[in-house]
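Here is what each chain is made of, one letter per residue.
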Amino acid sequence: MKNYGILASLDWNSNQWQDAPTEDDIENSPFEWVKKDKRSDTCLNFGHKLFPTEEENYYLGNVPHFGNSGVDPKNATHVHVVFFKSKNYKDGKTYIVGFYAFPQLIRTRNRKGTHEMFAHSIEGNIRAKAEDIILLKNPLEVNDDDSFLPRNKVEEKTGYNFLKSKAVIDLLGKLKENNMYLEFGKLYGKLIQSLEKKR
C-alpha cells in the first residue's frame, strides 16, 4: 500500500516555531543536540508568513528525524502531507500543531536568502509553498486510541511514521472539526481532492 502522509516529531517551541526557542524549551528538548548547541533548526518551521521564501514561494523547514539524507524516495513518492506533532513539556500532552501540504522532501541544505533570524535556523530538509503550510489555530491533542495513529502505535526507528490514505483523511477530518477557518478550509479541500484522485 502507498504512503500518503508522514507524522513527524518536533521539539516544543513556546514561540509557535516563529522565533528562537526559550531557555526552558532548550532545557526540555528531547533532542540532545539542541541542548548541546542551545539552538534548534525547527524553530522557524512556521515562520512562512514572517520570513523570506525561496524561488516559487517555497519555504524551508526542518524535520530532525529525516536526517541529512532525507526520506527514502521509494517510500515517499506519494506523500501529500507531513503532519507535525510536538510534546508540550508544560502539560505533558502531545499535539498535532500544523502541517506542510504537497511537500518536497530534500537532502539537508542551508537556507537561501538572508534574514537575521536565519542564524537560529540555518538549514532544512523539507519545503513547501508558503500557502500550503498551516500552523493550526487549535492544535489537536493526540490520544492513544486515535484512528489515524499507526496500528502498532510505535514510531519507526527513523523517528517518524508513514501514513496510509485512510489515516491521512481521518487526521484531516479531526483537524477540521476545530479549525474550519478559511485558510485551513481551502487547503483541506485541495488535499482531499488530490487524495481522492490518487487512491
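Structure first, text after, so check above.
Analysis parameters
Residue positions are counted from 1 within each chain, in the order its sequence is given. For this predicted model, a pLDDT threshold of at least 70 governs which residues receive local features, and a threshold of 80 or more governs which side-chain atom pairs are given and counted, while totals over whole chains, interfaces and linings are taken from all residues. Excluded from the side-chain calculation are hydrogens and water; included are all heavy atoms of the structure. Starting at the N terminus, helices and strands are each numbered in turn, a helix being any DSSP run of H or I of at least four residues and a strand any DSSP run of E of at least two. When accessible area is computed with a 1.4 Å probe and restricted to protein chains, residues below 20% of their type maximum are described as buried, those above 50% as exposed, and intermediate ones as partly exposed. Residues count as neighbours in contact if any of their non-hydrogen atoms are within 4.5 Å of one another. Per-residue and other accessible areas were derived by the Shrake-Rupley procedure at a 1.4 Å probe size, with only the shown protein chains allowed to occlude residues. In this tally Asp and Glu are treated as negative and Lys and Arg as positive; neither His nor the chain ends contributes. Note on charges: their place is set at NZ of Lys, CZ of Arg, CG of Asp or CD of Glu. Pairing between strands is defined by DSSP: at least two bridges between the two strands are required. Here, axes are lines fitted to C-alpha atoms. For helices the fit covers the stretch in contact, and angles between N-to-C directions go from 0 to 180 degrees.

## Some remarks on the overall build of the chain
Alright, step 1. From N to C terminus, the chain includes 5 helices and 8 strands.
Alright, step 2. Along the chain, from the amino end to the carboxyl end, the secondary structure elements read β-α-α-β-α-β-β-β-β-β-β-α-α.
Alright, step 3. By principal-axis analysis of the C-alpha atoms, the chain measures approximately 40 × 40 × 35 Å.
Alright, step 4. Out of the 199 residues in the chain, the part that is buried amounts to 51%.
Alright, step 5. Expressed as a percentage of contacts within the chain between residues at least 6 apart in sequence, the contacts between residues at least 24 apart total 71%.
Alright, step 6. Approximately 10,200 Å² of the chain is accessible, and the part contributed by carbon and sulfur atoms is 47%.
Alright, step 7. Charge separation in the chain, taken as the distance between the mean sites of 30 positive and 28 negative side-chain charges, equals 7 Å.

## Observations concerning the environment of glycine 98
Alright, step 1. Topologically, glycine 98 is positioned in strand S4 (residues 93-101).
Alright, step 2. Among the residues examined, glycine 98 registers a relative accessible area of 0% and is labelled buried.
Alright, step 3. Along the sequence, glycine 98 and glycine 124 sit 26 residues apart, while their C-alpha atoms lie 17 Å from each other.
Alright, step 4. Once residues within four sequence positions are removed from consideration, glycine 98 is found in contact with Phe46, Val82, Phe83, Phe84, Ile134, Leu135 and Leu136.

## A short note on the sheet that holds strand S6 (residues 123-129)
Alright, step 1. In space, the 3 strands of this open sheet follow the order S2-S6-S5, with antiparallel pairing throughout. Two strands close off the open sheet at either side, each with one partner strand: strand S2 (58-61) and strand S5 (104-110). Taking each pair of neighbouring strands and ignoring which way they run, the sheet shows an average axis angle of 40°.
Alright, step 2. Two strands pair when backbone bridges link them, and S5 and S6 are joined in this way by 4 bridges, in the antiparallel orientation. Counterpart to arginine 109 in the pairing with S6 is glycine 124.

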